[in-house]
Amino acid sequence: MIQSLEEGRKEDGNRSIADKIIKRLHDLDKTIEHNQGRWAWELLQNAKDSTVSDENHEISVQIILDNNQVEFKHNGIHFTEKDIRGLINQISSKEVEENEQTRKTGRFGTGFLTTHLLSRVIQIRGVLKSENEQFYRFKFPLDRTGKTMRELAPKIETAWSKFHNSVLEVNHNDYNINEFNTSFCYSLITSEQQEVAKTGIDEFTKLLPYVLAFIPKIKSIQIIDNTRDTDVLFLNNNNRLDEFITLIERIENNIKSNIYILNYSGDKSSIACELEKENDKYFFKNLENLPKLFCDFPLIGLKIFTFQ
């Protein structure tokens, strides 16, 4: 092997990846006003997509917001080698060969890139199952700072280097699939980043009951906001009050309340609305300022969509 040629090939690949990322981030920056709330949904979607090969695996999530960082942890299934390549090289692992089908909503593609509106620097921790069935733990920073291809391209190679240096082999018996093995930690340097984090959590909290009703395998989501001294836990125990009403439990700072979601699913679509309960009667809650369409998760920006 001619080493200089190999290094040039690697540099060409990194420059191509950097160019694609810069163009996409530039386009996203122009839409930040309408996408501030997307980061939490993209991460929850990735947690769900990690379990498509195990329909019985129940998902739990914990989000911790501090002044200088926000961490999203979940107990989804381990990373694959394709997932790691997708993370660093920004290739969606949902992309499949011709005639191959997938049940994934999306994983580490353009959607994941929107989380960089929160921060350009992410600390990623997880467990990888390699092609030879061996498990490895890893923890590495993913740095997307830089406005030019020349600035960003070397950071792609740095990410690969730090990933490989962090890898530790794990005994299969030491890997507990139900623990929070996966973590995405975003550095919040500016007041604008801190505001995006809070906006995302606020929208996330408001719409979560619908998502839990639509996706019953998501069992619990805890949001610990240390900037506002709140701790909110949503529990989905598949409690059906009758054929159409799902009960979601909400526990905020140890105070429990019930959320009632009227929902019905057909072969290709579902419909839902939150209810208020007074004595033994239910009333529809106002849907103003809520997205009207969901594709598993809310389609941000469709608050004024109406059916004709």
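The shown structure was predicted, so the numbers you read here are calculated from the model rather than taken from an experiment. Along each chain, the written sequence defines residue order, and numbers are assigned to residues from 1. Given that the model is predicted, a residue must reach a pLDDT of at least 70 before its local features are reported, and side-chain atom pairs must reach 80 or more before they are shown or counted; all residues, however, enter totals for whole chains, interfaces and linings. Water and hydrogen atoms play no part in the side-chain values, which are based on all heavy atoms of the structure.

Undergrad: So what about helix H1 (residues 3–29)? Which residues, and what values?
TA: We count a stretch as a helix when DSSP gives it H or I for four or more residues in a row; a strand needs E for two or more, and each element gets its number in order from the N terminus. What a helix is expected to span follows from its residue count: subtract one and scale by 1.5 Å. Compared with the 39 Å implied by 1.5 Å per residue over 27 residues, the 38 Å span of H1 between its first and last C-alpha is a close match. Of the positions making up H1, those classed as buried are Asn14, Ile17, Ala18, Ile21, Ile22, Leu25 and Leu28. For the exposure calls, accessible area comes from a 1.4 Å probe over protein chains only, and a residue counts as buried if that area is under 20% of its type's maximum, exposed if over 50%, partly exposed in between.

Undergrad: Residue-level account of the pairing of strand E11 (residues 270–278), with values.
TA: For two strands to be treated as a pair, DSSP must find no fewer than two bridges joining them. Both strand E10 (residues 255–265) and E11 contribute to a ladder of 6 bridges, which runs antiparallel. Its bridge partner being in E11, Ile261 is matched across the sheet by Glu274. Hairpin connection between E10 and E11: a loop of 4 residues separates the two successive antiparallel strands. Summarising the sheet, E11 and strand E12 (residues 281–284) pair through 4 bridges and their orientation is antiparallel. Paired with Glu278 across the strands is Lys281, a residue of E12. Hairpin connection between E11 and E12: a loop of 2 residues separates the two successive antiparallel strands, and Asn279 in this loop has a positive phi of roughly 55°.

Undergrad: Could you give me a rundown of the pairing of strand E1 (residues 59–65), with the residues and numbers involved?
TA: Of all 7 residues in E1, 7 are buried, a share of seventy percent or more. The side-chain alternation of E1 yields two buried faces, one formed by Ile59, Val61, Ile63 and Leu65 and the other by Ser60, Gln62 and Ile64. Bridge analysis of E1 against strand E7 (residues 218–225) gives 7 bridges, and the strand direction is parallel. For Val61, the partnering residue across the bridge sits in E7 and is Ile221. Linking E1 to strand E2 (residues 69–74), which pair antiparallel, is a turn of 3 residues.

Undergrad: Please set out helix H4 (residues 81–89) residue by residue, giving values where relevant.
TA: Residues of H4 that are buried include every one of Asp83, Ile84, Gly86, Leu87, Ile88 and Asn89, and no others. Gln90, located one to two residues past H4, shows a positive phi value of around 60°.

Undergrad: How would you explain the pattern of salt bridges if you had to name every residue and give the values?
TA: One speaks of a salt bridge when a side-chain nitrogen belonging to Lys or Arg is within 4 Å of a carboxyl oxygen belonging to Asp or Glu. Summed over the entire model, instances satisfying the criterion amount to 10 salt bridges. Put simply, Asp19 and Lys23 hold a salt bridge, and the shortest N to O gap is 3.2 Å. Highlighted residues: Asp19 and Lys23, both in helix H1, separated by 4 residues, approximately one helical turn. Overall, the relative accessible area of 30% leaves Asp19 in the partly exposed class.

Undergrad: Break down the nonpolar core for me, citing the residues and quoting the values.
TA: One finds Trp39, Leu44, Ile63, Ile88, Phe184, Phe204 and Ile221 to be the most contacted residues of the largest nonpolar core, which totals 59 residues. Counting residues per element, this core draws most heavily on helix H7 (residues 191–214), at 9 residues. In these notes, a set of buried Ala, Val, Leu, Ile, Met, Phe, Trp, Tyr and Cys residues joined through side-chain atoms within 4.5 Å is what counts as a nonpolar core.

Undergrad: Give me the confidence of the model for the protein: which residues, what numbers.
TA: You can read pLDDT as the predictor saying how much it trusts each residue, on a scale of 0 to 100. When pLDDT is averaged along the protein, the result is 84, and 86% of the positions lie at 70 or above. Residue contacts follow a heavy-atom distance rule, with two residues in contact if any of their heavy atoms lie within 4.5 Å. Contacts of residues 96–101 to residues separated by more than four positions or lying in other chains number 1 contact, the stretch itself having pLDDT below 50.

Undergrad: If you had to explain the packing of aromatic side chains to someone new, which residues and values would you point to?
TA: Any Phe, Tyr or Trp ring, taking Trp's six-membered ring, that has another such ring centre within 6.5 Å forms a pair; planes under 30 degrees apart are called stacked, those over 60 apart edge-to-face, and the others tilted. Taken as a whole and assessed by the stated rule, the structure comprises 10 aromatic pairs. Taking 5.2 Å as the distance between ring centres and 80° as the angle between the ring planes, the aromatic pair formed by Phe79 and Phe138 counts as edge-to-face. Taken together, the residues span a long stretch of sequence, with Phe79 in the loop between E2 and H4 and Phe138 in strand E4 (residues 135–143) at a distance of 59 residues. The pair formed by Phe79 and Phe138 is uniform in burial state, with each residue classed as buried.

Undergrad: Break down the side chain of Glu42 for me, citing the residues and quoting the values.
TA: In this structure, Glu42 sits in helix H3 (residues 38–49). Residue Glu42 is classed as buried on the basis of its relative accessible area of 10%. Aside from chain neighbours lying at most four places away, what touches Glu42 is Gly111, Phe112, Thr114 and Thr115.

Undergrad: With reference to specific residues and values, describe the packing of H4 against helix H6 (residues 149–166).
TA: A pair of packed helices is characterised by two quantities: the angle between their axes and the separation of those axes. Every axis corresponds to a line fitted to the C-alpha atoms, with the helix fit spanning only the stretch in contact, and the corresponding angles, defined between N-to-C directions, vary from 0 to 180 degrees. In contact at an axis separation of 10 Å, H4 and H6 are set at 145° when each is read in the N-to-C sense. From H4, Ile84, Arg85, Ile88 and Asn89 reach across to H6, where they touch Ile156, Ala159, Trp160 and Phe163. Tallied by class, the residues present in the contact of H4 with H6 amount to 6 nonpolar, 1 polar and 1 charged. By the convention adopted, Pro, Cys, Tyr, Trp, Phe, Met, Ile, Leu, Val and Ala count as nonpolar, Lys, Arg, Asp and Glu as charged, and the other residues, Gly among them, as polar.

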